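Single-letter residue listing:
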Amino acid sequence: MRAGAGVYLRLVAAGFRRWSTYRTAALAGMATNVVFGFMRCAVLLTVFAGTARVAGYDPAAAVTFVWVGQALIDMVLAWGDTELAERVRSGDIAIDLVRPWDLQLARLADELGRAGFSMVVRFGPPMLVGAAFFELRLPTDVIGWVAFALGVLLAVVVGFGLRFLLNLSAFWLLDWRGVFGLYAVLSGLLGGLVLPIGMFPPAARVAIWCTPFPATLQAPADLLVGRGSPALLLIHQLGWAVGLLWLGRIVLRRAERVLVVQGG
Amino acid sequence: MALGAQAGRTRRASGITAYRRLVGAAARSQLAYPASFALQCAGQAAAQTSELVTILVLFRHVRAMGGFDVRQVLVIYGIAGVSFGLADMIVGQLDSLPTYIRMGRLDALMLRPLGALGQICASEITLRRLGRSCTALAVLVVALSTVDIQWTVGRAVLVMLAPVAGTVILCSIWVVACSVCFWLVEGRELANSVTYGSSMFTAYPLGIFSSWLRRLMGFAVPGAFVAYFPTLALLGKPDPLGLPRWLQWSSPLVAVLSVLVAGAVWRTALRHYRGTGS
């Protein structure tokens, strides 16, 4: 018997509650995001020394880009998310696999709950600090906000899809820390956390947009400041969200076959 | 008393032996899987390279940053990167201090006749961070060979001493920041703002930051002394911010001072520690 939609909704709520027990940690992390926000603004604003626009950004759009990145980093990238890989290593994954649920959907539900909590605690404060110290570029109409909200939701799914695959690598790799280390570096640089992708040389720009990384932070940030076509950005995100989830299912099916449960 | 002095010497010698064994054991266990170790080194090198890419991409759009051209910024980046990689290697595992406290492992360390801080650092030294330092060192060597430097004995000594002083300063920052965890067990990420934050802050010219950020991350947390001031001294460049010239040569002194502060803070924190109880 497979679980119905009600179970997954309850998993979303459980994910929210589980993460809301770590309030101090969330606040500490948020404070760090704010410090980094100020530093990244300072670094990025240096490019406007002799010009008013760089790569389609004016200073207000650039600092908005920085602050929304800091506000979404925990929600979307979640660098420390190795829970599933640890369960593979410890063997607890066997229990997860025999439960009457779809493992990927269950993890996604838990992730949406976590993202919801992150939205409550870690999104608002950096944006407010950013707005207090800088002039931000925000949507002027409802459609802009709706597009941004959709972009954030898709970004969470893309981030989950990426990390689900990375976690599954633990079925084949003895030591998966290197994989997550590489993810942290690539997602920061290619996702648009450190620099807008538009600032890279043209060839690099094309190559980076061919990866899923811009769908995590660059796309929501561009939707917020109104740079580029919202429809194209959302299609890029949707494509990668569906593609990564589908790939995750295939890899999970393969992984189930290599799993050997010792003892009985 | 001669006898007392001798006993002290013996104890110190056995302490050094113990630390050497702890480091040796850590190194052996990390090198047990050479392929995995090589991959992790590459990961660290990639992390350092991403900061380099950031600087190079920014310089596609500007000629100078805070009064420094690209090669001069890369000298700052190089010294900062070597220092941060080494500091992260030596004290980076203090980030797991909350785990030590929660699991009661700190109590076990404190029962042993060696300092708790030394034990954590020695037994958890992370050699893969060398990937970071080596990348930064390579960039530093290239940058130093392309910028104009009037080499003097003083500058030759400084170029050797600066990464060491930088490492010591960053280690001290790390120790002070992680001491917060004795009061706030879940506050580890707060420490990141000054540890990893310093990694970013120290790699750029001081002048690009606003004045309160300079005061906070450059002087209260002495990040300006890691790479910025030594680079000015090496280049013989007047400070674009107009700060006094003697500051440029003061990094070794600041390193000594920060060790004293870090030591005092750590001892206070450890005295405050009462265990989590079980």
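Residues numbered from 1 in each chain as written. Chains lettered and ligands numbered in written order. Predicted model: local features only at pLDDT ≥ 70, side-chain atom pairs only at ≥ 80, totals over all residues.

K.L.:
I'm lost on the overall build of chain B in this one. Help?
P.N.:
Each helix and strand counted, chain B has 12 helices and 0 strands in total. In chain B, the succession of α and β elements from N to C terminus is α-α-α-α-α-α-α-α-α-α-α-α. Radius of gyration (C-alpha) of chain B: 20 Å, near the 19 Å computed for a compact globule of 278 residues. With respect to the principal axes defined by its C-alpha atoms, chain B has extents near 60 × 50 × 35 Å. Expressed as a percentage of its 278 residues, the buried residues of chain B come to 44%. Here the analysis covers contacts within chain B between residues at least 6 apart in sequence; of these, 81% occur between residues at least 24 apart. (Helix = DSSP H or I, 4+ residues; strand = E, 2+ residues; numbered from the N terminus. Rg over C-alpha atoms; globule rule 2.2 N^0.38 Å. Buried ≥ 20, exposed ≤ 12 C-beta atoms within 10 Å, placed from the backbone. Contact = placed C-beta atoms within 7 Å.)

K.L.:
What is the right way to read the overall build of chain A from this model?
P.N.:
Along chain A, the regular secondary structure elements total 11 helices and 0 strands. Reading the helices (α) and strands (β) of chain A from amino to carboxyl end gives α-α-α-α-α-α-α-α-α-α-α. Taken over the C-alpha trace, chain A has a radius of gyration of 19 Å; the compact-globule value for 264 residues is 18 Å, and the two agree within 12%. Seen along its three principal axes, the alpha-carbon backbone of chain A occupies a region of about 70 × 40 × 30 Å. When each of the 264 residues of chain A is scored for burial, the buried share is 44%. Within chain A, contacts between residues separated by at least 24 positions form 81% of all contacts whose residues are at least 6 apart in sequence.

K.L.:
I would appreciate a short explanation of the environment of A3 of chain A in the present structure.
P.N.:
Residues and elements named next belong to chain A. Turning to its location among the elements, A3 is positioned in the segment before α1 (5-20). In this structure the C-alpha to C-alpha distance between A3 and R99, which are 96 residues apart in sequence, comes to 9.4 Å. Excluding residues that lie within four positions of it along the chain, A3 makes contacts with Y8, P100 and W101.

K.L.:
Is there a simple way to explain the interface of chain B and chain A in this structure?
P.N.:
It is common to give the size of an interface as the accessible area lost on bringing the parts into contact. On the chain A side, the residues contacting the 32 residues of chain B number 30 residues. Those elements that place two or more of their residues in the side of chain B that touches chain A are α2 (34-58) and α9 (188-201) of chain B. In the side of chain B that touches chain A, the residues fall into 17 nonpolar, 11 polar and 4 charged. (Nonpolar A, V, L, I, M, F, W, Y, C, P; charged D, E, K, R; others polar.)

K.L.:
Please explain the nonpolar core as it appears in this structure.
P.N.:
In a soluble, globular protein the nonpolar side chains are often hidden away together inside. Counting 138 residues, the largest nonpolar core has L72 and A155 of chain A together with I76, W174 and V175 of chain B as its most contacted members. With sequence-adjacent residues up to four places away left out, W174 of chain B is seen in contact with A87, V91, L94 and T195 of chain B. (Core = buried A, V, L, I, M, F, W, Y, C linked by C-beta atoms within 7 Å.)

K.L.:
Hey, could you run me through the packing of helix α3 (residues 59-76) of chain A against helix α6 (residues 103-133) of chain A in this one?
P.N.:
Think of two packed helices as two axes; the pair is described by the angle between the axes and how far apart they sit. All names here are of chain A. Closest axis-to-axis distance for the α3/α6 pair is 8 Å, and the angle between their directions is 155 degrees. Taken together, the axes of α3 and α6 lie roughly antiparallel to each other. For the pair α3 and α6, the crossing hand works out as right-handed. Together, V63, W67, V68, Q70, A71, L72, D74 and M75 of α3 and A115, S118, M119, R122, F123, P126, M127 and G130 of α6 make up the contact between the two elements. Grouping the amino acids of the contact of α3 with α6 by side-chain chemistry returns 11 nonpolar, 3 polar and 2 charged. (Axes fitted to C-alpha atoms, helices over the stretch in contact; angles between N-to-C directions. Parallel < 35°, antiparallel > 145°, perpendicular 65-115°, else oblique. Left-handed = near helix turned anticlockwise from the far one by under 90°.)

K.L.:
Just to check I follow, could you spell out the packing of helix α7 (residues 142-168) of chain A against helix α11 (residues 230-258) of chain A for this structure?
P.N.:
Residue and element names in this part refer to chain A. Their axes nearest at 9 Å, the elements α7 and α11 cross at an angle of 25 degrees. Between α7 and α11, the interaxial angle falls into the category roughly parallel. In the packing of α7 onto α11, the handedness of the crossing is left-handed.

K.L.:
Would you mind showing me how to read the environment of P201 of chain A here?
P.N.:
Residues and elements named next belong to chain A. Checked against the element boundaries, P201 lands in the loop between α8 (177-190) and α9 (202-209). By the C-beta count within 10 Å, which is 11 here, P201 ends up exposed. Note: C-alpha distance between P201 and T211 (10 residues apart in sequence) is 16 Å.

K.L.:
Sorry, what's going on with the environment of G191 of chain A here?
P.N.:
All names here are of chain A. Of note, G191 is situated in the loop between α8 and α9. Using a count of 29 C-beta atoms within 10 Å as the deciding quantity, one classes G191 as buried. If near-sequence neighbours (up to four positions away) are discounted, G191 is found in contact with L77, F213, P214, T216, L217 and Q218.

K.L.:
Hey, could you run me through the confidence of the model for chain B in this one?
P.N.:
When pLDDT drops low, the exact placement of atoms in the prediction is not to be read closely. Residue and element names in this part refer to chain B. The pLDDT averaged across chain B works out to 91; a share of 95% of its residues lies at or above 70. When pLDDT is averaged over each helix and strand of chain B, the minimum, 79, is found for helix α1 (residues 2-30) and the maximum, 97, for helix α3 (residues 70-91). Reported for the predicted complex are a pTM of 0.91 and an ipTM of 0.90. (pLDDT = per-residue confidence, 0-100.)

K.L.:
I keep staring at unusual backbone geometry and nothing clicks. Help me out?
P.N.:
Keep in mind that most residues, glycine aside, have a negative phi and that most peptide bonds are trans. Residue and element names in this part refer to chain A. Of note, A55 is a non-glycine position whose phi angle comes to about 50 degrees, a positive value. By secondary structure assignment, the location of A55 is in the loop between α2 (23-45) and α3. The phi dihedral of A78 falls on the positive side, at around 40 degrees, and the residue is not glycine.

K.L.:
What am I meant to see in helix α8 (residues 153-179) of chain B here?
P.N.:
Think of an α-helix as 3.6 residues a turn; residues three or four steps apart then line up on the same face. For α8 of chain B, with 27 residues, the first-to-last C-alpha span of 39 Å sits near the 39 Å given by 1.5 Å per residue. Taken as a whole, α8 of chain B carries its principal kink of about 35 degrees at L161 of chain B; the proline P163 of chain B stands between one and four residues after it. (Expected span 1.5 Å × (residues − 1). Bend = angle between axes of the 7 residues up to and from the residue.)

K.L.:
Is there a simple way to explain α1 of chain A in this structure?
P.N.:
Over its 16 residues, α1 of chain A runs 23 Å from end to end, which matches the ideal 22 Å to within 8%, given 1.5 Å per residue. Contact partners of the buried residues in α1 of chain A: α6 of chain A.

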